[in-house]
Amino acid sequence: MFLQRLIVPLFASMLVTAMTAVHAADELAATRSLAEAGAVQLALQRVDLLQPVATVLPPKAASPAAGWTDWERLRLQLLASRGANDLLLQRVAALPAGVEPAVAADFHAASARSALILGRGAAARDQAARALWTAGMDAVRLRELRLLVIRSLVSDGQADDAYRSMLRFQQDYRPLDAATATLFVDSLLDLKRVQEAVAWLGLLDERGPAKLRLRLHTGLLSPADALTQARAGIARSEDPAWWRVLLDAAEKQPAPLLKIEALEQLLERADTPAVEASRLWDAYIAYARSAANTHQLLAGDESSWLEFALKRKEAEPVVARAYLAYLAREGRGESLRRSAQTQLVAGLMAARLPRMALQLFDAWPADPAALSADPRYQLGGAAEALQQHVRALHYRQ
């Protein structure tokens, strides 16, 4: 009887624990399903509500209940998917004690990727190093992180360190595959290290954009011929690398409007470095200043500049955007600046360049609150449509 009285409560406790574990696992699966259906913000709200407290991590021998680690992994995936890279970095920086080393390595790797997207090369290398020092890391993850470190060095303009890292990588991963060789060549061309890039010429796709770009930079192909071939590549492929060839050829000609067009299209791609947005602002402003005489626009007569831009919106949209960008940033009158800002954002949305618009105004030199209400509302709507809710809130506050 005594044994029976002891066993019954114990069995009941175990049953409750098992039911709780099943319920938690079901909640986690339901949250994943919401995210897969596109309701990322709602999924994140459920993570906030249902994730266990970080200090009560389940022990290794626990039942398969969804613990803090499972929820945190999902949270980081959701943050990455909607481009909330700053928030992801903050979460990983505040990891609690007790996270298993292998799990922590995964989280630091995710943080490294977010830092790289934000153009923070040093932070990306720091997070990658934290992941790389984890014992027992699988070969695929190790290779991925080493390439990330190389990309971060390229992003920071550290040409010598990047090149040495490429050579060490090639030594460790012989024979080098074509995709990695393409990455190395494009990176070295970005760093103006043409001679070093030639070493991987033989590994490039004969008809691919990387070989075309390398031939352009070595003088084997004229800018005009490169432009023609890049246009043909753009017509048959969605690969943004063709726009990179067009950009380089436009700079060599020079062809400032083609340069602007290429930068716009590259920034519409999610993986384009944020620094290119500042480069596009510079290209807009440089074109407007240099072309004003050709268009018979008087310095200081900004109302005429605005009128000219609005008349060109349909026939020459790139020209119009260049002048609107100039006036939005450099216009002397507040009313005119605000009008140009509104027209510029509206033009980008009409051209179906919402990601590019968000990237561009992320590089706005002042607080976004300084923008007028209309462009902030349009940018917030674009961010919301792209499931970038943090960005949306940024513009709608």
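Preceding this section is the structure that the text describes.
First, a word on scope: everything that follows refers to the structure included in this document. (Residues numbered from 1 in each chain as written. Predicted model: local features only at pLDDT ≥ 70, side-chain atom pairs only at ≥ 80, totals over all residues. Heavy atoms only, no water.)

Looking at the overall build of the chain
(1) Moving on: For the chain, the count of helices and strands is 21 helices and zero strands.
(2) Moving on: Taking all 397 residues of the chain together, the buried fraction comes to 43%.
(3) Moving on: When contacts within the chain are restricted to residue pairs at least 6 apart in sequence, long-range pairs at least 24 apart make up 56% of them.
(4) Moving on: As displayed, the chain has an accessible area near 20,500 Å², and 56% of this comes from carbon and sulfur atoms. (Helix = DSSP H or I, 4+ residues; strand = E, 2+ residues; numbered from the N terminus. Buried < 20%, exposed > 50% of the residue type's maximum accessible area, 1.4 Å probe, protein only. Contact = heavy atoms within 4.5 Å. Areas by Shrake-Rupley, 256 points an atom, 1.4 Å probe, with all protein chains shown as cover.)

A word on the packing of helix 12 (residues 223–236) against helix 13 (residues 241–252)
(1) Moving on: Between helix 12 and helix 13, the least distance of the axes is 9 Å, while the angle of their chain directions is 155°. Relative to helix 13, the element helix 12 is oriented roughly antiparallel. Judged by the sense of rotation from one axis to the other, the crossing of helix 12 with helix 13 is left-handed. Counting all contacts with helix 12, which are made through P223, A226, L227, Q229, A230, R231, G233, I234 and R236, the residues of helix 13 involved are W242, W243, V245, L246, A249, A250 and K252.
(2) Moving on: Here the residues of the contact of helix 12 with helix 13 are counted per class, giving eleven nonpolar, two polar and three charged. (Axes fitted to C-alpha atoms, helices over the stretch in contact; angles between N-to-C directions. Parallel < 35°, antiparallel > 145°, perpendicular 65-115°, else oblique. Left-handed = near helix turned anticlockwise from the far one by under 90°. Nonpolar A, V, L, I, M, F, W, Y, C, P; charged D, E, K, R; others polar.)

Observations regarding the pattern of salt bridges
(1) Moving on: On inspection of all chains with the given rule, the structure shows 33 salt bridges.
(2) Moving on: Here D172 makes a salt bridge to R146, at a shortest N to O gap of 2.8 Å. Pair noted here: D172 is in helix 8 (residues 159–172) and R146 is in helix 7 (residues 139–155), with a separation of 26 residues, a long-range link.
(3) Moving on: Accessibility expressed as a relative area gives 47% for D172, which makes it partly exposed.
(4) Moving on: The salt bridge partner of E251 is K259, with a shortest N-O separation of 3.4 Å.
(5) Moving on: According to the relative accessible area criterion, K259 is partly exposed, its value standing at 23%.
(6) Moving on: Sharing partners across several salt bridges, the network here consists of R73, D106, R113, R141 and E144. (Salt bridge = Lys/Arg side-chain N within 4 Å of Asp/Glu carboxyl O.)

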